[in-house]
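Overview (structure and organization)
For reference, the chains in residue letters:
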Amino acid sequence: MKRVAFIILLAGCLNALHAQYPEGKQLLDRIDKNMSSENRVFTSTMVINGRRATHTIKMKTWTAGEKKSFTEYLYPVREQGTKMLKLENQLWIYSPSTDRIIQIAGHMLRQSVMGSDLSYEDLMEDSRLTDRYSAVVTGTETINGRDCWVIDLKAFVPEITYQGMKLWVDRERNIPLREEMYAKSGTLLKRTELSDVEKIGTRWYPRRILFRDMLKDGKGTEFIIEEIEFNVPIPDYIFSKASLKK
Amino acid sequence: MIKFLFRGLLRDRHRSLLPFLVTLIGVMLTVVFHAWMTGVIGNSIEFSARFASGHVKVMTRAYSENAAQAPNDLALIGTATLTAGLSERWPEMEFAERIHFAGIIDAPDSLGETREQGPAMGFGIDLLSGNTAEAERMNIPSSLRNGRMPEKKNEVLISALFADKLNIVPGDVITLVGSSMYGELAMHNFTVSGTVDFGTTALDRGTVIADIGDVRDALNMEDAAGEILGFFRTGVYDEERASAICDEFNRVYNSPEDEFSPLMTSLSQDKTMGFLVEYSGKLQGILVALFIMAMSLILWNAGLLGGLRRYSEFGMRLAIGESKGHVYRTMMMESLLIGFFGSAAGVAFGMVISLFLQNHGIDLGVMMKNASVMMPSVFRAHITPATWYVGFIPGLLSSQIGSMLSGIGIYKRQTAQLFKELEQ
């Protein structure tokens, strides 16, 4: 009898604890409010830590919603003038040395961007988490001294690269501080560490993201946001193939 | 005596024809099999050496661990000095720098936008300096199907099958999209000077061949190369010498602590070719042993049959006073004559077939349509000095052993019983 009472008490406590967790969808919505925007213009630096050397790439990106993105490489000299245009699910690259516009499609989208730990698919994936995943908060942990919710995400969109994700979300600022991306098989594919979180306007935003492709050796790729502006007007011509050759 | 026995064999064909034919067929099969296997293994080794492994190969330790993926970010740096040093130290070898690369070949439409795309693997070899025989070594001039060899910068050869797939003809401009040595996106325009047909499905599916200088420009690999291949100037792989060169090189240059230190490997240390190199050396011994065993059994059987058929003859000869030893010795002499002429005829027939296979070969391309390894599609036999005796000597020995075994029955005959047997 005592044993039954103990089990009921324990289940009640666990239920009460779980009830204190926020709704997964609610939390994803809060994250999207920080991370997503109507449009944005940002200048970033990508530090790629290769096995032999580290190299740095600078670029400027214009993004409108989830479907349109335009990137121009500013540095190094060899990459200067290289441009990438994403429209819907298509990606084109222009290189001034060849004066060619090349469409990147199929398995090429899974290739690394400039030798980094990011693939073209990673760059193209910019939609809201709530549009792609259902979420369950599974616990709490501390990351870099910040209290975080641990959330398990499961994709409900079939044609998505990462079928599962695990996020460690800052409880106060609603920003992920760590992300793990999984394949359908459960294999860990990528891990990111987000840091230098700053208040930009009304939102919290990470200035620095360390990407690690877990399928290859290396110290990962740092993605640093130098400057960022949200919801600024971007002329439509930017997102056209004509602007690639300009 | 020999003349007497020879005449006997010719006059009584029942005595000689079956063992003669068995020896002839056995020797002929051995000769053809030996020439064919030597050819097939030799073709594969040489093909692989020319295209991929060289007689020796220098790579960085890190590159060698993933060589199949051609990881150019782990390539050798400062190759001009390294190659010059190698050539000076081992003048009996010719060293050639190569870059293997993978990427996408993009064919544009009239507006310069993507019309067709396909995955390609490429070879950057010395085509334009005029100092090496790389093009001939890879059999490129004779593999040309259309157009001409690259004669100036940024000209490229493309495999004919790949060109057909992408609707490319000589004179078209194509773009290579790949990764530079430092991981950057690399895009480079080439003009197709010609198409090649290697007759090897793995190569013909999607190969581009460009001058190593152009590939260096395209992939940002100045004074770098994925690998340096070394070939004996004699053209013949010498395992002992190659191993000695590798040992000496690795003692001086290689450091297990530094993953980018150069490492030299010989053809026999190649993961796929090592087995074949080792196997080719043992092939002759295995063949001879198998042949002697099989033929001895067959000829023993033939001898037993002959012995049974000649049971009365031997009895008569023993009855009229011929010694058992003499009967046995004449039988041995007869089998020696049959073995000699059967083996000689077998070698002659085998050589004719082998010569045909050596000159014309057999196209097995259909069987290797989806092969991912580099193998020639036309295999040819190869006649070596060993081919002449590899069948002849065992043919002679096995007919002799067969007769020796079956002839033992002569000594078991009881002289006292002979007349009784003859009366029956």
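Here the structure is a predicted model, which is why all the values come from computation and not from measurement.

Remarks on the overall build of chain B
For chain B, the helix and strand inventory stands at 15 helices and 14 strands. When the 424 residues of chain B are sorted by exposure, 43% land in the buried category. Contacts in chain B between residues far apart in sequence, at least 24 positions, make up 80% of those at least 6 positions apart.

Re the overall build of chain A
Within chain A, the secondary structure is distributed over 3 helices and 13 strands. In terms of principal-axis extent, the alpha carbons of chain A reach across some 80 × 40 × 35 Å. Buried positions account for 31% of the 246 residues belonging to chain A.

Examining helix 14 (residues 392–407) of chain B
Think of an α-helix as 3.6 residues a turn; residues three or four steps apart then line up on the same face. Relative to the 22 Å expected for 16 residues at 1.5 Å per residue, helix 14 of chain B spans 22 Å between its end C-alpha atoms, a close match to the ideal helical length. Listed in full, the buried residues belonging to helix 14 of chain B are Phe392, Pro394, Gly395, Leu396, Ser398, Ser399, Ile401, Gly402, Ser403, Ser406 and Gly407 of chain B.

Describing the nonpolar core
Judged by nonpolar contacts, the single largest core of 116 residues is most densely connected at Val169 of chain A together with Ile105, Val156, Ile158, Val208, Ile209 and Leu219 of chain B. Both of domain 1 (2–47 + 275–423) and domain 2 (56–236) of chain B provide at least three residues apiece to this core. Dropping the residues within four chain positions of it, Ile209 of chain B is found in contact with Gly122, Phe123, Ile125, Ile140, Val156 and Leu157 of chain B. Ranked by size, the runner-up nonpolar core spans 17 residues in total, among them Met28, Val32, Trp36 and Ala381 of chain B.

Describing the packing of helix 12 (residues 324–360) of chain B against helix 14 of chain B
Residues and elements named next belong to chain B. Relative to each other, helix 12 and helix 14 sit at 150°, their axes nearing to 8 Å. With respect to helix 14, the element helix 12 is oriented roughly antiparallel. Crossing of helix 12 against helix 14: the hand is right-handed. Only Phe392, Gly395, Leu396, Ser399, Gln400, Ser403, Met404 and Gly407 of helix 14 make contact with helix 12, whose side of the interface consists of Tyr328, Met331, Met332, Ser335, Leu336, Ile338, Gly339, Phe340, Gly342, Ser343, Gly346 and Val347. Of the residues contributing to the contact of helix 12 with helix 14, the split by class is 10 nonpolar, 10 polar and no charged.

Observations regarding the interface of chain B and chain A
Between chain B and chain A, the contact holds 21 residues from the first and 22 residues from the second. If you list the elements that add at least two residues to the side of chain B that touches chain A, you get strand 3 (93–108), strand 7 (173–179) and strand 8 (185–196) of chain B. When residues in the side of chain B that touches chain A are grouped by element, the largest group, 4 residues, is from strand 8 of chain B. Class assignment of the residues belonging to the side of chain B that touches chain A gives a composition of 9 nonpolar, 8 polar and 4 charged.

A look at unusual backbone geometry
For the bond from Tyr75 of chain A to Pro76 of chain A, the omega torsion is 5°, close enough to zero to count as cis. Turning to its location among the elements, Pro76 of chain A is positioned in the loop between strand 3 (68–75) and strand 4 (83–87). Positive phi is not limited to glycine here, since Asn154 of chain B has a value of about 65°.

A few points about the environment of Ser87 of chain B
Inspection of the secondary structure puts Ser87 of chain B in helix 4 (residues 79–89). Separated by 143 residues in sequence, Ser87 of chain B and Gly230 of chain B have C-alpha atoms that sit 9.1 Å apart.

Details of the environment of Ile408 of chain B
Along the chain, the position of Ile408 of chain B falls in the loop between helix 14 and helix 15 (415–423). Using a count of 12 C-beta atoms within 10 Å as the deciding quantity, one classes Ile408 of chain B as exposed.

A few points about the pairing of strand 3 of chain A
Residue and element names in this part refer to chain A. Pairing of strand 2 (residues 54–64) with strand 3 involves 7 bridges; the strand directions are antiparallel. Bridging from a neighbouring strand, Met59 pairs with Tyr73 of strand 3. Where strand 2 folds back onto strand 3 in an antiparallel hairpin, the turn is made up of 3 residues, including Gly65, whose phi is positive at roughly 60°. Relative to strand 4, strand 3 runs antiparallel, the two being bridged by 5 bridges. The residue of strand 4 that forms the bridge with Ser69 is Lys86.

Some points on the pairing of strand 12 (residues 262–266) of chain B
Successive side chains on a regular strand alternate, one facing one side of the sheet and the next facing the other. Residue and element names in this part refer to chain B. The buried fraction of strand 12 amounts to 5 of the 5 residues, a majority that puts the element mostly inside the structure. Across the two faces of strand 12 the burial is the same, with Pro262, Met264 and Ser266 and Leu263 and Thr265 all buried. As paired elements, strand 1 (residues 56–60) and strand 12 share 5 bridges and run antiparallel to each other. Each bridged residue has a counterpart across the sheet, and for Thr60 the counterpart in strand 12 is Pro262.

Considering the confidence of the model for chain B
Chain-level statistics for chain B give a pLDDT mean of 84 and a share of 87% at 70 or above. Scoring of the predicted complex yields 0.71 for pTM and 0.74 for ipTM.

Let's talk about helix 8 (residues 212–219) of chain B
A large share of helix 8 of chain B lies buried, amounting to 6 of its 8 residues. Regarding helix 8 of chain B, the residues found buried are Ile212, Asp214, Val215, Arg216, Ala218 and Leu219 of chain B.

Quick word on the environment of Asp363 of chain B
Looking at the secondary structure, you find Asp363 of chain B in strand 13 (residues 362–363). Considered as a pair, Asp363 of chain B and Arg380 of chain B are 17 residues apart in the sequence and their alpha carbons are 8.8 Å apart.

Cut-off values and rules
- Residues numbered from 1 in each chain as written.
- Chains lettered and ligands numbered in written order.
- Predicted model: local features only at pLDDT ≥ 70, side-chain atom pairs only at ≥ 80, totals over all residues.
- Helix = DSSP H or I, 4+ residues; strand = E, 2+ residues; numbered from the N terminus.
- Buried ≥ 20, exposed ≤ 12 C-beta atoms within 10 Å, placed from the backbone.
- Contact = placed C-beta atoms within 7 Å.
- Expected span 1.5 Å × (residues − 1).
- Core = buried A, V, L, I, M, F, W, Y, C linked by C-beta atoms within 7 Å.
- Domains from an automatic or database assignment.
- Axes fitted to C-alpha atoms, helices over the stretch in contact; angles between N-to-C directions.
- Parallel < 35°, antiparallel > 145°, perpendicular 65-115°, else oblique.
- Left-handed = near helix turned anticlockwise from the far one by under 90°.
- Nonpolar A, V, L, I, M, F, W, Y, C, P; charged D, E, K, R; others polar.
- Pairing = 2+ DSSP bridges.
- pLDDT = per-residue confidence, 0-100.

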